[in-house]
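Overview (structure and organization)
Here's the letter readout for the chains.
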Amino acid sequence: MSEKATIEIDGKKHEFPLIKGTENEVAIDIKTLRSATNGIVTIDPGFKNTGSCESAITFLDGEKGILRYRGYSIEELAEKADFLEVVFLLIFGDLPNSEELEKFHSDIKAQSVVDEDIRKIVDAFPKSAHPMGVIASLTSALTAFNPSSVNVNSDEDMYKAIVKILGKFPVLVAWTFRKKNGLRLEYGDKSVGYVENILKMMFQLPNEEYQFNPIVVNALDKLLILHADHEQNCSTSTVRIAGSSHVGLFASLSTGISALWGPLHGGANQAVLEMLEAIKEDGGDSKKYMAKAKDKEDPFRLMGFGHRVYKNFDPRAKIIKKAADEILNDLGVEDPILNIAKALEQEALNDPYFVDRKLYPNVDFYSGIIYRAMGIPTDMFTVMFALGRLPGWIAQWKEMRLNNEPIGRPRQIYVGETLRPFKAINKR
Ligand code: CMC
């Protein structure tokens, strides 16, 4: 392949270098486009053709259905690693040895408390508040309690900020859940694993010892691993762009949480379950909903289907579908919604509308069914996604700061009014 791309404008040729990644992805490097062409820019709404950065964290090939964190396949990580190992891998670049993992865990545990004044903020929310609104606000509040931005030139400062948020965020998640359920706001248990602690903080009752169910612990571990990073998705790009102004880590993360909430992104897991419930209530007629999804006059979309990057299958969905079957079976849960989901998937896989547009189930299609079997309410699903995506956001923010990326500030093409004289109010 040639090493340059040529763009011709008004008969003048401009050359731009091609850059190649370690997996042979190619990009035209247009850093000098404006200066070389006297101000011409590119336009690409939704960044469908635009790489925003070079990154060494996550590789995904949407055509082949490949997802790897730091070179390790998602299939292998989901089977053999635990979530905290994956957190370390994403943020620091390599799998930890046992001493590194132990130190990392104990540093996180030392930070697993929040300022007691945060209880007052949690208390101020009505029980009806949506958990995503609550967790976004609490993460912002954490910023107010820790206002200084991180000195990114100090490894120690960087590390401290990272273990702080990894310790405190699960407390906020658990408190969000407990407030909604009228339970006392508790801290965790230092003697148990990172994921066990999350479950215990969420579900322990004041009058009885919390009993761990290994099926539930493993299921949550796997779900968190599968959600841990996904390169430059909407919330991650939001975190990177917010952080590029050199605002601190916690403030950058809070922007990611808000971006995640949307139903086209992380909010899809709640939307999927609500859709499946609605289909069930409506008599379980999946064909009717397939027709709605295909009707361009109808705003209905088959939630949990389609992906900006995966045009073959989402490898996370494959793992989750298998896990959903096993977990429901192991927990002895029969959920009619699982059958509706399977029927919809089967129909979509054989329907030319979905086949032609390469629309396959994504990570959110089956995850809600597992969360529900674990006793997690629908409106908490996206909060659980945020818990899983936290290490990805941290790793991407850290990479962006260490690479000293410039402030994110796209251009536009102005299509509004040209200069016009001001009109006095009585003349309008
Ligand atoms: N149901 C029906 N039609 C769809 C769907 C769907 N779920 N998704 C895409 N299409 C159609 C769309 O109408 C368009 O058709 P046409 O070419 O005739 O105009 C075509 O497929 C391409 O869709 P697009 O909206 O241009 O694709 P996109 O890359 O901009 O959007 C998406 C990707 C994920 C936002 C979209 O597929 C979608 O809205 N899916 C449902 C929401 C969802 O499940 N989101 C979770 C994504 S995975 C987890 C995450 O990111 O957090």
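1. Some words on the nonpolar core
Counting 120 residues, the largest nonpolar core has Tyr69, Leu166 and Met374 as its most contacted members. Ranked by the residues each element gives to this core, the list is headed by helix 7 (residues 155–180), at 13 residues. Leaving out residues up to four positions away in the same chain, Tyr69 has contacts with Ile57, Thr58, Ile74, Leu77, Val86, Leu89, Leu90, Ile225, Leu226, His227, Ala228 and Asp229.

2. A short note on the site of the ligand
Within the structure, the ligand sits among 23 residues, and His265, Arg301, Leu302, Gly304 and Arg308 are positioned closest to it. Calculation on the ligand without its partners gives an accessible area of 940 Å², and the protein chains cover 77% of this total. Here the residues of the shell around the ligand sort into 11 nonpolar, 6 polar and 6 charged.

3. Re the pattern of salt bridges
Should their charged atoms come close, side chains of opposite charge can pair. By the definition in use, this model includes 25 salt bridges. Here Lys120 and Asp117 are joined by a salt bridge, their closest N and O atoms 2.9 Å apart. Under the relative-accessibility criterion, Asp117 is labelled partly exposed at 35%. When the shortest N-O distance is used, the salt bridge between Lys321 and Glu345 registers 3.3 Å. With Lys321 in helix 14 (residues 315–331) and Glu345 in helix 15 (residues 336–349), this residue pair connects regions lying 24 residues apart in the sequence. For Lys321, a relative accessible area of 28% corresponds to the partly exposed category. Salt bridges linked by common partners bring Glu277, Lys280, Asp335 and Arg372 together as one network.

What counts as what
Per chain, residue numbering runs from 1 following the sequence as it is written. Reporting of local features is limited, given that this is a predicted model, to residues whose pLDDT is at least 70; pairs of side-chain atoms are given and counted only at 80 or more, and all residues count toward the totals for whole chains, interfaces and linings. Only heavy atoms go into the side-chain values, all of them from the structure, while hydrogens and water stay out. Buried Ala, Val, Leu, Ile, Met, Phe, Trp, Tyr and Cys residues that are joined via side-chain atoms within 4.5 Å together make up what is termed a nonpolar core. Remark: exposure states derive from per-residue accessible area (1.4 Å probe, protein chains only) relative to the maximum for the residue type, with buried under 20%, exposed over 50%, and partly exposed in between. Secondary structure elements follow DSSP: runs of H or I of four or more residues count as helices, runs of E of two or more count as strands, with numbering from the N terminus. Contacts: residue pairs with any heavy atoms within 4.5 Å of one another. Residues are labelled near a given molecule or strand when at least one of their non-hydrogen atoms is within 4 Å of it. All accessibility values rest on the Shrake-Rupley procedure with a 1.4 Å probe; residue burial counts only the protein chains present in the view. Each residue gets one of three labels, nonpolar for Ala, Val, Leu, Ile, Met, Phe, Trp, Tyr, Cys and Pro, charged for Asp, Glu, Lys and Arg, and polar for the others, Gly among them. A pair is scored as a salt bridge if a Lys or Arg side-chain nitrogen falls within 4 Å of a carboxyl oxygen belonging to Asp or Glu.

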